[in-house]
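Working through the structure, step by step
For reference, the chains in residue letters:
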Amino acid sequence: MMNKDTFEPILAVRGLTVDFGNGTRAVDSIDFEVQPGEIVALVGESGSGKSVTSMSILGLLPKNANRTGSITFEGTDLTTLSQRELRSVRGQGISMIFQDPVAALNPVLSIGYQLGEAVRHHNAQLTRAEVTARTVELLAAVEIPDPVRRLGHYPHQLSGGQCQRVVIAMALAGEPRLLIADEPTTALDVTVQAEVLEVLRRLHDKLGMTILMITHDMAVVADIADRVIIMKTGKIVESNDAPRLFSHPEAAYTRQLLSAVPRFGEKEDEAPGPRGVPVLQIRDLVVNYGSRLHPFRAVDGVSLDVHAGEIVALVGESGSGKTTVGRCALGLAHASSGTITVGGIQLDGHLRRAELAQMRRKVGVIFQNPAASVDPRKTVGEIVGEPLRALEGLRGVELRNRVSRLLKSVDLPDWIDRYPHEVSGGQLQRVAIARAIALDPQLLIADEPTSALDVSVQAKVLDLFRELQLRLGFGCLFISHNLAVVDTLCDRVAVMSKGRLVEEGTRHQVLRTPTDPYTRHLIDSCPVPDPVLQRERRDVALAGRT
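I will try to describe carefully the structure that is included in this document.

Cut-offs and rules
- Residues numbered from 1 in each chain as written.
- Predicted model: local features only at pLDDT ≥ 70, side-chain atom pairs only at ≥ 80, totals over all residues.
- Heavy atoms only, no water.
- Helix = DSSP H or I, 4+ residues; strand = E, 2+ residues; numbered from the N terminus.
- Expected span 1.5 Å × (residues − 1).
- Buried < 20%, exposed > 50% of the residue type's maximum accessible area, 1.4 Å probe, protein only.
- Contact = heavy atoms within 4.5 Å.
- 1 Å grid on protein atoms, 1.4 Å probe; cavity = no way out; pocket = protein on both sides within 12 Å on 5 of 7 lines; lining within 4 Å.
- Points joined across faces, edges and corners; volume = space filled by probe spheres on them.
- Nonpolar A, V, L, I, M, F, W, Y, C, P; charged D, E, K, R; others polar.
- Pairing = 2+ DSSP bridges.
- Axes fitted to C-alpha atoms, helices over the stretch in contact; angles between N-to-C directions.

Attention shifts here to helix α16 (residues 425-436). Counted at 1.5 Å a residue, the expected span for α16 with its twelve residues is 16 Å, and the 16 Å between its end C-alpha atoms agrees. Counting buried residues in α16 gives ten out of twelve residues, a clear majority hidden from the surface. Considering only its buried residues, α16 is in contact with β16 (363-366), α14 (380-392), α15 (396-409), β17 (443-447) and α17 (455-472).

Shown next as structure tokens:
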């Protein structure tokens, strides 16, 4: 980290306040500095104002926003510049990486064309050959393998991590002195997240680049930040060097954030209890996509059981096949071969309507994005009551009473007449859980149910989930890539890679004494919310590569 007394700050924010037309104050008179060469993390949960702060710096706020205060970059107050003058700062002085790399790229244009456009925008005098050379140089800088060949590829031909590297390369096209990274790893698997953070760290070390990281992930903060600024409801509640903030947090809110972070390896090992009856049996499952001439095997010979009263985690990176297995168990995807039995009913293409309805009564499902899994035009009561109406024929007072009891069980009493836009993300996920348990299912399938949630909301949802599971006794297939969450919640773990099941066992066997190199790689990639320990882990990994 740079000595703060040596340089003037590259960025100084003074008295920044942002109000919106509806009277909402998103940012409330905040002050902070970023020194040259620093990596500063601006941390907070949804609604804290951190993203509004980053948008304010670049003048990207909507028209109904009223911004006051000063934002000084390299001695110039950005709030006094015209839009034309600001455009000269964007990309060259300050550049930004957005959260969703796939949404940031145009799906119908090649990687080379999109990156070349960014290069030409900042230097219109370059020849076509010089633009191509510069795009290859940028792709190499962010460690894209075989960059010349990648120029002709399209976003759908790249993984999520590779798309994020391309977005980083585009941000570097103007050779900025300050890079703002807004949740750059939130949508990524743990191994890809580790790779992207390593790319940012190497760029920082090689180019001396200053980075302002916007995030809610305290483990990411511990992995990369020199200094941390904590925001809550538009105000800064604490600011300190990363090791000091993690070891001696001063603000109650900071302590609350840190205590809510799931920590890999901290749950005590427990003797497995007696298993109940099998509620899900998968045998030799094979799923092929594509044509007969060009098939793609998404799932290759997977066998797995889930028993009543246990939570089985199915973990792996994007593309490993874990979500496809879950979709097959729900009857939403067809198996090319193998068998799936749910609650004693074997799923195949010959189930009669009555048998299919009986199977659906036995299964509940929770999807990753709570907002995308509910109808915004229906009330919370209508959403939770939908399976009761469709499969049990309940109506009127009886239906309303059942829905009220379900909402009370997930700590949402008296919310029956609200709409989805009137509740938070965590509350909406509780609504989804209430709907999933409405029919008292034998099996619950949860596909990344907490990945879209803030850390404190995630902790509350996981506590509720475990409480309901112990009380109701359903078996659960918990699909996730977050090993810290899996270690906190699950009884058994199955690891998938490239469509195959590479390891399976109790939580202790798989996460404490893994036998497969891929499982060890997943565990080693999982960051810990401790800057000192995380640095030691990086040093050990670096020593192992040299």
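Applying the stated criterion to the full structure yields one cavity of 30 Å³ or more. The space that makes up the largest cavity amounts to roughly 540 Å³. As for the largest cavity, its lining consists of 31 residues, and the residues nearest its centre are Gln193, Asp217, Gln458, His481 and Asn482. Split by residue class, the lining of the largest cavity holds 17 nonpolar, ten polar and four charged.

So, on to the sheet that holds strand β19 (residues 492-497). With mixed pairing, six strands are arranged side by side in an open sheet as β16-β17-β18-β13-β19-β20. Edge positions in the open sheet fall to β16 and β20 (500-506), since each of these has one partner strand only. Adjacent strand axes in the sheet meet at a mean angle of 15 degrees, parallel and antiparallel pairs treated alike. Two elements, β16 and β17, share four bridges in a ladder whose sense is parallel. For Ile366, the partnering residue across the bridge sits in β17 and is Ala446. Relative to the sheet, helix α12 (residues 322-329) contacts β13 (311-315), β17, β18 (475-480) and β19, its axis offset from that of β18 by approximately 150 degrees.

In the case of a regular strand, side chains alternate between the two sheet surfaces. Bridging between strand β11 (residues 278-290) and strand β12 (residues 295-307) involves ten bridges; their strand directions are antiparallel. Along β12, the bridge assignment pairs Ile282 with Leu304.

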